[in-house]
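Spelled out, the chains give:
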Amino acid sequence: MNERSRRRATGRITLVDVARAVDVSPITVSRALSGKRAVDPAVVERVQAAARRLGYVPDPAARALASAHSTHVAILIPMLSNALFVDLLEAAQRTLRSAGYETLIGITHYNASEEERLLREQLVHRPAGMLITGFDRNDATRLIIADSGVPCVHLMETSSEPGIYAVGLSTIDAGSAMTRHLLERGRRRIAFAAAQLDPRTMQRLEGWRRQLKAAGLYEASLEWLHPAPSSIALGGRMFEQIIGQNPPIDAIFFCNDDLAQGALLAALRHGIAVPERIAIAGFNDLTGSDQMIPPLTTVRTPRSEMGKHAASMLIQLMRGEPVPQSCIDVGFEIIVRQST
């Protein structure tokens, strides 16, 4: 029987397999791989070489069970195709790693059942903490989180509920602020164009509605909602439909910058002057928005700051330290450029 075949029925190479290959005890292997100083350096070198040769990968669940202390953090985000979540994830992961924690990342695709499945899978690894996006999820997942006993911080949104930890911003307020900016620029028929239609998109819609209703300018026909994923191509198609509406639309507030970027490109192709004929605004200040023709007015959201604050809050919870604020509102900024 060769070295690779000495494994459990699961197919996983174990500490015992590495120990047999080096002719030392499993405890010595464990100490050598975890950096314990009591192990002879020559033995450490042999153990590490054998582990690489055999393809040994530590079992995080077994390690957590043996030490009663996990160094893994579960992170659930909707997608990685949006720079919004990439920026947030990178900041959170960088903060966690500097404190000695590793991350287990799950992508939910805005699907409640997928989120529930991923959470169940990640809890098998006994994470020390969890970072989870938003509050919109099914009852089963809420119960899993509550019963797990694992410290949890919610991302992207805020909450005043006791015992809930969150770092985010009010997207309703952000939607209201951008709509108010367009009204102050003299726009009166302001369309709201959205895709994906996730909870935070719908909150931006609510902010837009509130401002237009307060101004006596709301009409249901100004809402352009598409369930498909947000993209530059979709933004161009939506712009071509909206520009033909009668009475004419004089501004479009897109729920995301990629849609707005597509609209600006379509306006350029069709020779439609922005902002003279129609103003265009976006949300999130994604890469390239300041390079559009004309540069895009948008809502800047501090994604990296959000990820850093959320990870720092979770570290305090995992260490049993006091948390000065259970909810941090990182705010937003209206970035006014030439498109409005």
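Please refer to the structure higher up on the page.
Since we're looking at a predicted model, the values are computed, not measured. Starting afresh in each chain, residues are numbered from 1 along the sequence in its written order. This being a predicted model, a pLDDT of at least 70 is required before a residue's local features are given, and a value of 80 or more before pairs of side-chain atoms are given or counted; all residues contribute to the totals for chains, interfaces and linings. Only hydrogens and water are removed before side-chain values are computed, so all heavy atoms of the structure are retained for them.

(A) Layout of the overall build of the chain. Note on conventions: DSSP H or I runs of at least 4 residues are helices, E runs of at least 2 residues are strands, and numbering of each starts at the N terminus. Summing up its helical and strand segments, the chain has twelve helices and twelve strands in all. Each radius of gyration is computed over the set of C-alpha atoms, and the globule rule expresses the reference value as 2.2 Å times the number of residues to the power 0.38. Expected size for 340 residues packed as a compact globule is a radius of gyration near 20 Å; at 25 Å, the chain overshoots this value by more than 25%. Taking the principal axes of its C-alpha atoms as reference, the chain extends roughly 85 × 45 × 30 Å. Looking at the 340 residues of the chain, the share that counts as buried comes to 49%. To measure how exposed things are, a 1.4 Å probe is used in the Shrake-Rupley method; for residues, cover is taken only from the protein chains shown. Of the roughly 16,200 Å² of accessible surface on the chain, 51% is carried by carbon and sulfur atoms. Note that His is not counted, nor are the chain ends; the positive residues are Lys and Arg, and the negative ones are Asp and Glu. Charge coordinates come from a single atom per side chain, which is NZ of Lys, CZ of Arg, CG of Asp or CD of Glu. One finds the centroid of the 38 positive side-chain charges in the chain at a distance of 6 Å from the centroid of its 35 negative side-chain charges. Residue burial is assigned from relative accessible area. The probe radius is 1.4 Å, only protein chains are included, and a residue is buried under 20% of its type maximum, exposed over 50%, and partly exposed in between.

(B) Broad picture of the environment of Arg-137. Relative to the elements of secondary structure, Arg-137 occurs in the loop between β3 (129–133) and α7 (139–148). Along the primary structure Arg-137 and Gln-211 are separated by 74 residues, whereas in three dimensions their C-alpha atoms are 28 Å apart. Contacts of Arg-137, omitting those with residues within four sequence positions, involve Glu-115, Ile-132, Arg-142, Ile-145 and His-154. Among the polar contacts made by the side chain of Arg-137, one reaches the main-chain carbonyl oxygen of Thr-133 at a distance of 2.9 Å. Whether two residues touch is decided by their heavy atoms; if any such pair falls within 4.5 Å, the residues are in contact. Pairs of N or O atoms are called polar contacts if they sit within 3.5 Å, as long as, within protein, a hydrogen donor faces a hydrogen acceptor (for residues adjacent in sequence, only side-chain-to-side-chain pairs).

(C) Seen up close, the packing of aromatic side chains. Stacked, tilted and edge-to-face are the three classes applied to pairs of Phe, Tyr and Trp rings, where Trp contributes its six-membered ring and a pair requires centres within 6.5 Å; stacked means planes under 30 degrees apart, edge-to-face means over 60, and tilted covers the rest. Scanning all chains against the criterion turns up three aromatic pairs. When the centroid spacing of 5.3 Å and the interplanar angle of 90° are considered together, the rings of Phe-192 and Phe-253 count as edge-to-face. Highlighted residues: Phe-192 in strand β6 (residues 190–194) and Phe-253 in strand β8 (residues 251–254), separated in sequence by 61 residues. For the pair Phe-192 and Phe-253, one class covers both residues: buried. Seen in terms of ring centroids, Trp-208 and Tyr-218 are 5.7 Å apart; in terms of plane orientation they differ by 70°. Their pairing is edge-to-face. Note that Trp-208 is positioned in helix α9 (residues 199–214) and Tyr-218 in the loop between α9 and β7 (223–225), a separation of ten residues in sequence. Consider the ring centre and the ring normal. A charge sits over the ring if Lys NZ or Arg CZ is within 6 Å of that centre and within 35 degrees of that normal. Here the basic side chain of Arg-204 rests over the ring of Phe-283, its NZ or CZ set 4.0 Å away from the ring centre.

(D) Spotlight on the pairing of β3. β3 sits mainly inside the fold: five of its five residues count as buried. Because side chains alternate across β3, one face comprises the buried residues Gly-129, Leu-131 and Thr-133, and the other comprises Met-130 and Ile-132, equally buried. By the bridge criterion, four bridges tie strand β1 (residues 72–77) to β3 in an arrangement that is parallel. When the bridges of β3 are listed, Leu-76 appears paired with Ile-132. For two strands to be treated as a pair, DSSP must find no fewer than two bridges joining them.

(E) Inspection of the sheet that holds strand β5 (residues 166–168) at higher detail. Across the sheet, which stays open at both edges, the six strands sit in the order β2-β1-β3-β4-β5-β11 with parallel pairing between neighbours. The open sheet has two free edges, formed respectively by β2 (102–107) and β11 (327–329), since each of these has just one partner strand. Going from strand to strand, the sheet's axes swing by 15° on average, the running direction of each strand aside. For helices, the axis comes from a line fit to the C-alpha atoms of the stretch in contact; other axes are also lines fit to C-alpha atoms, and the angle between any two N-to-C directions lies between 0 and 180 degrees.

(F) Region of the structure containing the packing of helix α10 (residues 232–242) against helix α11 (residues 257–270). For the pair α10 and α11, the least separation of the axes is 6 Å and the interaxial angle reads 55°. Put simply, α10 runs oblique to α11. Note that α10 runs across α11; the crossing there is right-handed. Packed against α10, whose contacting residues are Ile-232, Leu-234, Gly-235, Gly-236, Met-238, Phe-239 and Glu-240, the element α11 presents Asp-258, Leu-259, Gln-261, Gly-262, Ala-263, Leu-265, Ala-266, Ala-267, Arg-269 and His-270 at the interface. In terms of residue class, the contact of α10 with α11 is made up of nine nonpolar, five polar and three charged. Roughly parallel refers to an angle under 35 degrees, roughly antiparallel to one over 145, roughly perpendicular to one between 65 and 115, and oblique to any angle outside these ranges. Note on convention: near helix rotated counterclockwise from far helix by under a right angle means a left-handed crossing. Clockwise means right-handed. Residue classes follow a fixed rule: Ala, Val, Leu, Ile, Met, Phe, Trp, Tyr, Cys and Pro count as nonpolar, while Asp, Glu, Lys and Arg count as charged, and any other residue, Gly among them, counts as polar.

(G) Quick look at the nonpolar core. By size, the foremost hydrophobic cluster in this structure holds 40 residues, and its most contacted members are Trp-208, Phe-239, Ile-252, Phe-253, Phe-254 and Ile-280. Contributions of two or more residues to this core are made by α8 (171–184), β6, α9, α10, β8, α11 and β9 (279–281). For this core, the element with the highest residue contribution is α11, accounting for six residues. The residues touching Phe-239, leaving out its near neighbours within four places in the chain, are Ile-252, Ala-263, Ala-266, Ala-267, Ile-272, Ile-278 and Ile-280. To form a nonpolar core, buried Ala, Val, Leu, Ile, Met, Phe, Trp, Tyr and Cys residues must be joined to one another through side-chain atoms within 4.5 Å. Of all hydrophobic cores here, the second largest spans 29 residues; its members include Ile-75, Tyr-101, Val-167 and Val-330.

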